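What the coordinates show
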Amino acid sequence: GTAAPERVVLYGLDLVVVGAEFRNGTGWFQYQLPAQSAADIVDLRTADVTGDGRHEIVVRVRQTLGDIRRDVLVVHQFTPTGFPALLQREVSREQGGNRIENEVRLDGGALEIRPGTARGWTRESWPYAPTTTAGPDGIEPLLLPWLGQPVRYRYAGGRLSPS
């Protein structure tokens, strides 16, 4: 509501926002992050990725799906009426000693994800069908080093979309 800074704190899986002027100094915000345990919260930070001068909440969550371990980058924005997710994108995948990790850059009011590096997997040995669309869980796919180009996101229509 004002330009006064808030404090973002993580207690286990609970993200809590408080501040002297937050909700007129009489309230707080709590959100449970989508993870199995606190150890699955790989990174939590704030950054302006929409270019409006206000910081969004950027969290990297580790998920285990059978023998696959992946990290998902989730970006949330505070609005007067909610806490929408602006983006969910897989940024790493590991299986059987093989790993692909994308590079995430939070820079100057924008978000950029680069294909990054592969260890073990190659274009020929990658066991999954390449895709460029979000899966049924709404998570955009990993950028593959041999296919992907950097993706720079811009805020439009209530979402972070490739520009």
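The structure we're discussing is the one just above.
Residues numbered from 1 in each chain as written. Predicted model: local features only at pLDDT ≥ 70, side-chain atom pairs only at ≥ 80, totals over all residues. Heavy atoms only, no water.

Core analysis: the largest hydrophobic core is formed by 15 residues, its most contacted members being Ile-41 and Val-59. Among the elements that line this core, the one with the most residues is strand 5 (residues 56-65), at three residues. Listed in part, the 14 residues of the second largest apolar core include Ala-47, Val-75, Val-91 and Leu-160. (Core = buried A, V, L, I, M, F, W, Y, C linked by side-chain atoms within 4.5 Å. Buried < 20%, exposed > 50% of the residue type's maximum accessible area, 1.4 Å probe, protein only. Helix = DSSP H or I, 4+ residues; strand = E, 2+ residues; numbered from the N terminus.)

The subject of this paragraph is the packing of aromatic side chains. Any aromatic ring pair is given by two values, namely how distant the centres are and how the planes are angled relative to each other. On inspection of all chains with the given rule, the structure shows nine aromatic pairs. Seen in terms of ring centroids, Phe-29 and Phe-78 are 5.0 Å apart; in terms of plane orientation they differ by 80°. Their pairing is edge-to-face. With Phe-29 in strand 3 (residues 29-32) and Phe-78 in the loop between strand 6 (68-76) and strand 7 (85-95), this pair connects stretches of sequence that are 49 residues apart. Overall, the relative accessible area of 30% leaves Phe-78 in the partly exposed class. Between the aromatic rings of Trp-121 and Trp-126, the centroid separation amounts to 4.8 Å while the plane-to-plane angle is 85°, which identifies the pairing as edge-to-face. Of the two residues, Trp-121 and Trp-126, both sit in the buried class. Three or more aromatic residues joined by ring pairs make a cluster, and in this case those are Phe-22, Phe-29, Tyr-31, Phe-78 and Phe-83. Residue placement shows Arg-93 over the ring face of Tyr-128; its charged tip is 4.6 Å from the ring centre. (Phe/Tyr/Trp six-rings, centres within 6.5 Å; stacked < 30°, edge-to-face > 60°. Lys NZ or Arg CZ within 6 Å of the ring centre and 35° of its normal.)

Along the chain, the position of Pro-34 falls in the loop between strand 3 and strand 4 (41-47). As a C-alpha pair, Pro-34 and Pro-150 span 116 residues in sequence and 26 Å in three-dimensional space.

So, on to the sheet that holds strand 11 (residues 159-162). As summarised here, the arrangement of the eight strands in space is 4-5-6-7-8-9-10-11, forming an open sheet in which the pairing is antiparallel. Strand pairing shows two members of the sheet lacking a second neighbour, strand 4 and strand 11, which therefore form its edges. The average angle at which neighbouring strand axes cross in this sheet is 25°, direction not considered. Bridge analysis of strand 6 against strand 7 gives eight bridges, and the strand direction is antiparallel. Each residue of the ladder has a partner; that of Asp-71, found in strand 7, is Ser-92. (Pairing = 2+ DSSP bridges. Axes fitted to C-alpha atoms, helices over the stretch in contact; angles between N-to-C directions.)

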